[in-house]
Amino acid sequence: MFGSNFSRRLAQVAVLLSFVAASTSGHAALQNPSSAFSPAWQRPPASATPLAPAAPTRADILRGAYGPYRVNNDLLSYHLDIRVDPEQQSISGKNSIRFKMLADGTRIQLDLHPALNVDKILFDATTLQYVRDSGAVFVDFPETLHAGQEYTIDFYYSGHPLQTARFGGFTFGKDPAGHPWIYTACEDIGASVWWPNKDQWRDEVENMQISVAIPNGLVDVSNGKFMGKTDLGDGYTRWEWLVQYPINNYDVSLNIGNYAHFSDQLGDLPLDFYVLPEDLDKAKKQFVQAKGMIEAYQHYFGEYPFQKDGYKLVEVPYSGMEHQSAVTYGNHFTNGYLGRDWTGVGVSPKFDFIIIHESGHEWFGNSVSAADRSDMWIHEGWTTYLEVLYVEYTFGHEDAIKYVNGYKSKVQNREPIIAERGIAATPPQDMYFKGALFLNTLRSVMNDDARWWALIHDFYQHFKYQNIMTEDVVQYFNRQTAMNLTPVFDQYLRHTAIPTLELRFNEADGTVDYRWQADEPDFAMPIRVGKKADWQIIQPTTYWQTLKTPLQKNEFDVATDLYFVNVSKQ
Ligand SMILES: [Zn+2]
């Protein structure tokens, strides 16, 4: 069952890849459990048997693989210029896509959901031919495009975008007063659910213009810096936004509503807030937390990544999403997560989970991004760890340790954190909680907070505005620490189980034998054991070693709040 499914799946992948050729290599919003699309960890637990994931579809592979018609070009910029009609629940317009060819070729791959029409694709005055294949649009040029040259095409499209998938895709809604409330959230299904783009994670544009025409009287909040609005004279006004940094496709968003606006400043950084008028007073109180959040993350990692674009919080009816420089917020202006003590240990009620988590993604997810969805722990594991750092900075180390250990009850250990590459697969929810507990473990492995703070600061600075894979993280940590942390990363990220410290007591001799039980044969990790007030560090490997101890089996402790491990005492 598991085995046969898995091999059939691999065979299918192989067949499909032969069509799309070369393959290489979220963070996700936390959703409102009362909405139709609840997060994976709020679904009922499945049976304990290993999961046989559904076979990837041809569409998954076309979207997930970095195929030959993606690898042959490098995105430079987009100008998305659309009109949104709330009455017809339709959109229309174009994306001007500027790219540089990396190899000579006559074809590139873009993506647009099959529910939307391709109206025409222009290359200057030439109408280009194209082939649609599920979500992919293969665009053909009449002459060879040359490596090193830059080109722009205008991709016109229209139709009724779908409200779909876990985050909603594109939603035409209404606010409680009956005004249109229209928003996008598409990390899982992909941005091509509502606009044409090169819908993958590896390649980002360097900058982007977003022009959104909407009925007069409504406000559009998109990513980047607000550049102004123009009355088009036909009952519509066009809102202009400029993104001055690389941006993930799925971060590109529009939020159209009857928004009230207020602003603030943190040093030179403009802070802008958009909420429904009836929520203005509550927002002015609750959104004060944005400043403390930015200060905390700047303390650990350095300057807010999108300084020129500013920082925005935008009210939406779902719980929230990390849309770059325009973070969406739906946590009801209360602390905790949707009114709950999120990690159940009394720390979460001290702050607004959505402000702290979704904004943490500005550093990890939006600035440092994964190059393939399989490695989405770089977004979610890190950002969940950023919550812990926020708690430490704001409320102290004791609360931080309590908070991160509160996540243990959410860890499932049913699948590895890193999913299969190249098929747009979503990793399991362990990428959040186990990811954060793993990073807290690494801090203890370093056993030198000054070095740890420098390491994570420099790691962020080294990879900011880049798209990376787990291998880049491991290589950086190994180089900077002069340690071989590869088996440690691999055990936590590429295997299901966490390591178990096996202890065998021989009280007559006053000794204890110890070793790691782990899937990685070379797994070796120091750990604090003995008496809490006076920990002793041992260096277990997967081979037995012996330690002299005056402590009895029941007195001998392991610092399991600092290291995410199991302990077996015999
Ligand atoms: Zn997240």
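In what follows, the accompanying structure is described. Since we're looking at a predicted model, the values are computed, not measured.

**Digging into the packing of helix H5 (residues 289-301) against helix H6 (residues 353-360)**
Pairs of packed helices are described in terms of their axes, by the angle between the two and the distance that separates them. Viewed as axis vectors pointing N to C, H5 and H6 meet at an angle of 40°, and their least axial separation amounts to 10 Å. The orientation of H5 relative to H6 falls into the category oblique. Crossing of H5 against H6: the hand is right-handed. Where H5 abuts H6, its residues Gln289, Ala290, Met293 and Tyr297 lie against Ile355, Ile356, Ser359 and Gly360. Looking at the contact of H5 with H6 residue by residue, the classes come out as 5 nonpolar, 3 polar and no charged.

**Some thoughts on H5**
Every α-helix carries 3.6 residues per turn, so stepping three or four residues along brings you back to the same face. Compared with the 18 Å implied by 1.5 Å per residue over 13 residues, the 18 Å span of H5 between its first and last C-alpha is a close match. Those residues of H5 not exposed but buried are Gln289, Ala290, Met293, Ile294, Ala296, Tyr297, Tyr300 and Phe301. For H5, the angular spread of buried residues about the axis comes to 160°, placing them on one side.

**Concerning the pairing of strand E16 (residues 254-257)**
Alternating positions in E16 separate into two faces, Leu254 and Ile256 on one and Asn255 and Gly257 on the other, with burial throughout. Bridge count for strand E13 (residues 219-222) against E16 is 4 bridges, and the pairing is antiparallel. By the bridge assignment, Ser222 is partnered in E16 with Leu254.

**A few points about the nonpolar core**
The biggest cluster of nonpolar side chains holds 163 residues, and the ones touching the most others in it are Val84, Trp194, Tyr311, Trp377 and Phe477. The biggest single contributor to this core is helix H9 (residues 430-446), with 10 residues. Listed in part, the 5 residues of the second largest apolar core include Ala65, Ala419, Ile423 and Ala425.

**Digging into the pattern of salt bridges**
Under the counting rule described, the total for this entry stands at 19 salt bridges. Between Arg494 and Glu471 there is a salt bridge, with its nearest N and O atoms 3.8 Å apart. Here Arg494 is found in helix H12 (residues 486-494), whereas its partner Glu471 is found in helix H11 (residues 470-481), with 23 residues between them in sequence. Close ionic contact of Lys532 with Asp561 constitutes a salt bridge, the shortest N to O distance being 3.8 Å.

**Things to note about the sheet that holds strand E28 (residues 545-548)**
Consider a sheet: its strands pair through backbone hydrogen bonds, and that pairing is either parallel or antiparallel. The strand order E28-E25-E24-E30 describes an open sheet built from 4 strands, whose pairing is mixed. Here the strands that pair on one side only, and so sit at the sheet edges, are E28 and strand E30 (566-569). The average undirected angle you get between the axes of adjacent strands in this sheet is 25°. Relative to E30, strand E24 (residues 500-506) is paired through 4 bridges, and the arrangement is parallel. Considered in E30, the bridge of Leu501 is made with Val567.

The rules we used
- Residues numbered from 1 in each chain as written.
- Predicted model: local features only at pLDDT ≥ 70, side-chain atom pairs only at ≥ 80, totals over all residues.
- Heavy atoms only, no water.
- Axes fitted to C-alpha atoms, helices over the stretch in contact; angles between N-to-C directions.
- Helix = DSSP H or I, 4+ residues; strand = E, 2+ residues; numbered from the N terminus.
- Parallel < 35°, antiparallel > 145°, perpendicular 65-115°, else oblique.
- Left-handed = near helix turned anticlockwise from the far one by under 90°.
- Contact = heavy atoms within 4.5 Å.
- Nonpolar A, V, L, I, M, F, W, Y, C, P; charged D, E, K, R; others polar.
- Expected span 1.5 Å × (residues − 1).
- Buried < 20%, exposed > 50% of the residue type's maximum accessible area, 1.4 Å probe, protein only.
- Arc of directions from axis to C-beta.
- Pairing = 2+ DSSP bridges.
- Core = buried A, V, L, I, M, F, W, Y, C linked by side-chain atoms within 4.5 Å.
- Salt bridge = Lys/Arg side-chain N within 4 Å of Asp/Glu carboxyl O.

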